Amino acid sequence: MRTLEIKGKVRGERVPSKQLDEKIQAAVKGGKRRLKITADGQHGIGGRIWPSEEEVTITVEGWAGQRIGAMGMMGTNITVNGSVSDDVGWVNCGATITVLGDVANGAHNAGAQGNLYVQGGGGARCDTLTKFNPRFDPIQSWYFRDVGDSFAEFKAGGVAVVCGVNPRNPGNILGYRPCVGMVGGTVYFRGPAEGVSADARVTELTDADWKWLTRNMKPYLKAVDRMSFYKSLTRNRDEWQKIVALTPDERAANLSGGLPLESYRTQTWEPGVGKGGIFADYLDDDLSILPFVTNGEHRRVKPVWDNEKFAPPCAGYCPTGIPTHERTRLIRDGHENEAMDMVLRYSPFPGTVCGYVCPNLCMEACSRSIFHSDPVDIAFMGRVSLERPAPKKEKARKEKVAVIGGGPAGISVAWQMALKGYKVSLFEREEKLGGKIFYCIPEDRLPADILNAEIDRFKGLGVEVKTNFDVTDKEYKNIYKGNDVVVLASGSHSPRTIPFPGYGDVLPGIVFLKEISAGNPRDLTGKKVVVIGAGNVGMDICVEAYNCGAAEVRAVDIQKPASFGKEQQMAAERGTEILYPKFTDNYDVNERKIHFKDGTSLDADLAIISIGETPELEYLDSDIDLDRGHVRIDEAYRTTDPKVFGVGDVTRPGLITDAIGAGLKAANYIHSLITKTEYEDDTRKVIPYEKLSFQWYERSRANDLTRSCGSEGSKCMSCGMCRDCHICEETCYSNAISRVELEDGGFEYVVDESLCIGCGFCAGTCPCGIWDMYENN
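Just so it is clear, the model here is predicted, and its values are computed rather than measured.

Asker: What am I meant to see in the overall build of the protein chain here?
Answerer: Across its full length, the protein chain carries 23 helices and 34 strands. Computed over its C-alpha atoms, the radius of gyration of the protein chain comes to 35 Å, more than 25% above the 28 Å expected for a compact globule of 777 residues. Projected onto the principal axes, the alpha-carbon positions of the protein chain cover approximately 105 × 70 × 55 Å. Within the protein chain, buried positions represent 49% of all 777 residues. Contacts spanning at least 24 positions in sequence make up 61% of the contacts within the protein chain whose residues lie at least 6 apart. Carbon together with sulfur atoms contributes 49% to the accessible area of the protein chain, which is approximately 37800 Å² in total.

Asker: Looking at this structure, how should I read the sheet that holds strand S16 (residues 423-427)?
Answerer: For sheets, the rule is that strands pair by backbone hydrogen bonds, running either parallel or antiparallel. Read across the open sheet, the 5 strands follow the order S17-S16-S15-S18-S31; overall the sheet is parallel. Pairing within the sheet leaves two strands with one partner each, and these edge strands are strand S17 (464-466) and strand S31 (644-646). With direction set aside, neighbouring strand axes in the sheet form an average angle of 20°. Of the strands in this sheet, strand S15 (400-404), S16 and strand S18 (485-488) touch helix H13 (residues 408-419), which is tilted by about 165° from S16. Lying over the sheet, helix H16 (residues 473-481) contacts S15, S16, S18 and S31, oriented at roughly 135° with respect to S18.

Asker: Quick question: what am I supposed to make of the nonpolar core here?
Answerer: As a rule of thumb, nonpolar side chains are buried together in soluble globular proteins. Counting 47 residues, the largest nonpolar core has Val403, Val424 and Val487 as its most contacted members. Listing elements by their share of this core, those giving two or more residues are helix H9 (350-357), S15, H13, S16, helix H15 (448-459), S18 and helix H20 (656-675). The element best represented in this core is H13, accounting for 8 residues. Excluding anything up to four places from it in sequence, Val487 contacts Val401, Ala402, Val403, Ile404, Val413, Phe645, Val647 and Ile670. Counting residues in hydrophobic clusters, the runner-up holds 43 residues, among them Val80, Ala95, Val103 and Tyr143.

Asker: Quick question: what am I supposed to make of the packing of aromatic side chains here?
Answerer: Aromatic ring pairs are defined here through the distance separating the ring centres and the angle between the ring planes. What the rule picks out here adds up to 19 aromatic pairs. Taken together, a centroid distance of 5.6 Å and an interplanar angle of 50° make the contact between Tyr476 and Tyr619 tilted. Linking Tyr476 in helix H16 with Tyr619 in the loop between strand S28 (613-614) and strand S29 (626-627), this pair joins segments that are 143 residues apart in sequence. Of the two residues examined, Tyr476 and Tyr619, each falls in the buried class. Grouping aromatic residues by their ring pairs yields a cluster made of Tyr117, Trp142, Tyr188, Trp212 and Tyr220. Note that Arg67 overlies the ring of Trp90, its terminal NZ or CZ placed 3.9 Å from the centroid. Across the ring face of Tyr356, the terminal group of Arg383 is positioned such that the distance to the ring centre comes to 5.7 Å.

Asker: Which parts of the structure should I look at to understand the side chain of His108?
Answerer: Looking at the secondary structure, you find His108 in the loop between strand S7 (93-99) and strand S8 (113-118). Aside from chain neighbours lying at most four places away, what touches His108 is Val88, Gly89, Asn92, Gly114, Asn115, Leu116, Asp127, Thr128, Thr130, Ile139, Gln140 and Ser141.

Asker: Help me understand the sheet that holds strand S9 (residues 140-143), please; the structure alone is not making it clear to me.
Answerer: Sheet architecture is open: 11 strands sit in the order S1-S4-S5-S6-S7-S8-S9-S10-S11-S13-S12, paired in mixed fashion. Two strands lie at the open edges of the sheet, namely strand S1 (4-7) and strand S12 (200-203), each paired on one side alone. When strand polarity is set aside, the average angle formed by the axes of neighbouring strands in this sheet is 15°. Sheet topology places S1 next to strand S4 (residues 34-40); 4 bridges connect them, and they run parallel. Residue pairing for S4: Ile6 is matched across the bridge by Ile37.

Asker: Can you help me understand the pattern of salt bridges in this one?
Answerer: Note that side chains of opposite charge can pair when their charged atoms are close. Under the criterion given, the structure shown has 49 salt bridges. Across the salt bridge formed by Asp603 and Lys528, the nearest N and O atoms sit 3.4 Å from each other. Of this pair, Asp603 sits in strand S26 (residues 601-603) while Lys528 sits in strand S21 (residues 528-532); the two residues are 75 residues apart in sequence, bridging distant segments of the chain. Here Asp603 falls in the partly exposed class, since its relative accessible area comes to 34%.

The rules behind each value
Residues take numbers from 1 onward in each chain, read along the sequence in its written order. Local features are withheld for residues below a pLDDT of 70 in this predicted model, meaning they are given only at 70 or higher, and side-chain atom pairs are given and counted only at 80 or more; totals for whole chains, interfaces and linings count all residues. Side-chain numbers come from the whole structure's heavy atoms, not from hydrogens or water. The helix count covers DSSP runs of H or I at least four residues long, the strand count covers runs of E at least two residues long, and both are numbered beginning at the N terminus. We compute the radius of gyration from the C-alpha atoms alone; for a globule the expected value is 2.2 Å times N to the 0.38, where N is the number of residues. Relative accessibility decides the category of a residue: with a 1.4 Å probe and only protein chains considered, values under 20% of the type maximum give buried, values over 50% give exposed, and everything between is partly exposed. In what follows, residue pairs with any heavy atoms lying within 4.5 Å of each other are defined as contacts. Calculation of accessible area relied on Shrake-Rupley with a 1.4 Å probe; when residues are assessed, cover is drawn exclusively from the protein chains displayed. Should DSSP find at least two bridges between two strands, the strands are regarded as paired. The axes used here are C-alpha line fits, helices contributing only the stretch in contact, and every angle between their N-to-C directions lies in the interval 0 to 180 degrees. Residues grouped as a nonpolar core are buried Ala, Val, Leu, Ile, Met, Phe, Trp, Tyr and Cys residues, joined through side-chain atoms within 4.5 Å. Ring pairs shown here join Phe, Tyr and Trp side chains whose ring centres sit within 6.5 Å, with only the six-membered ring taken for Trp; geometry is labelled stacked below 30 degrees between planes, edge-to-face above 60, and tilted in between. Counted as over-ring charges are cases with an Arg CZ or a Lys NZ within 6 Å of the ring centre that also lie within 35 degrees of the ring normal. We count a salt bridge whenever a side-chain nitrogen from Lys or Arg sits within 4 Å of a carboxyl oxygen from Asp or Glu.

Structure, rendered in structure tokens:
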């Protein structure tokens, strides 16, 4: 594989560290695995490269800045041809870093995994705060010469080796006061060392130590080009010693003869500051002394199993509230069909909307997207639900519900009311159901057979569908009298206008799209098209203009485009250029130009405007209040007429999934009013990402060929809902947590108050963020 060179100085200008890192990350993401970095003092080179099946090899030339390989990951190999600045290998998570020179201060600080091979010596405070993760091999740090002051300070794990070859300070190769606060790990060294902290002790090597040292020294010496020293470094075991942390018993023995804490409190502290401390006179609290570790009522905090206290991000950010975490649980339990059927209780369009046209706010908010850039593929799960039948309807009821409008909002509320057993009639002005889904979304983005299949499933529920039915004021009165509830869902179809000269020659975008859906597309072969409005619908218009043969399509807007995601991507792929800010001054159809207030103009054989639509509500009674042309509703979707409800774009503009969610919630409110039962929307807060322990989850290796419902079910982090993994039970040192089976087939985890010490390990390790620690009042 060829080596890609990335330069830290381009045309005499130094590339900022952030930009250099972005270039490295982009190269690796693009499949490059061998990189040469010519550095010019940039920081953090080679860090945070996510592990993949192939190793990434990085060679650094020039002047390397601080934190080379910081937060390096497994599978990353970095070689620096020369010395490096401070904090090389900071928080190393598995990278192998070879420095063919010296390292400055703070090398391998706070590292947990990986290797640091140094050809020379180290500066001050190297190997401080290193850790040990029992899931992986201990971190290793190798120094050929010697190290500076405060070496291995607060070391908690890992192995450091100081070979002592040609040291700068022959009398003390470990510097001033090494191993202060050391509580774990091992330091092997060869040569004199003075002033080792009282927190550690120097001892001889065991057979196991010598075997480890001689075996692991070979790859180190080979990496730093010093294999010629292997014999001299391993010829005499007695030249080597090791430093290990004191055991708790050894620490206690060192403290013998000191003043016990209770005696210090009564003999020194209280005579000096007063009994109970300096604020004792102002406190009503119980000042009795508690031991360091307490249980029962004396705990300062206590754990509570708060299962489903929070909503998961997928459901919380989905306007329809689809509980993907429940669906993935069913998949993991082997109930794949039930999981696919569940979504139909929330939406009649899982294949159409979730699968194709929705921007998938659920996937954007998915915790796996935040932690691993690898969300559960909810769009895939939506498409899989396409073939599932409609849910079983409830017992038939006598009440009648009329829905005016056969778009996503109208179909949604009609679907929900029909499932609840109501007699539902749906009135649609156009020939086909689907509203803007059918008439305004290009088939490039939504295959016609997908929408048709879901429309057919909807019709199979038994809803009385009347198409080509224009609701006039007279028809509205008849509908109103003949039904117990009327739901307004007629959408927004009247184009918004801008009063500039030539506006009458500008084609409304919704008309352009409906012409195509009706099978009467315009022939735009070789023509130049300008679209006024660069929202998502504007992008769909750009795509369709190219499909009609346009040679050039440009979209203009007065502000940064509101379009995003698939719509903007598809338009850009076809060649659409977006220009902003552009305020239209006039359109001259004879000149075939559109002019802007900044003095510029664009050629436009056809100008199309797409800046939104307003509802057409001439059929409504004056009893129903409007707000800027839209129907005014309350939190239960009721209008000012308690018998009439409003959903979707007729109440305010929104996404298709907003319309579907409004239909679902309105149906639930209507049902609760008719049945005189209480309905409450899910108002739970979304679980904070920091409550989740993403370390338990690995990045998925599924791709378009191997993806399945099973792979997606396993990926889900089950945010806020217990995954029944037993980790809390296994982690509790006091054996205070146990799993209890409930009579309804469910389960819960309970705490034995007499054993629990309130340590918080359960809350800290829970993958799903279920456990919370509360003040023990």
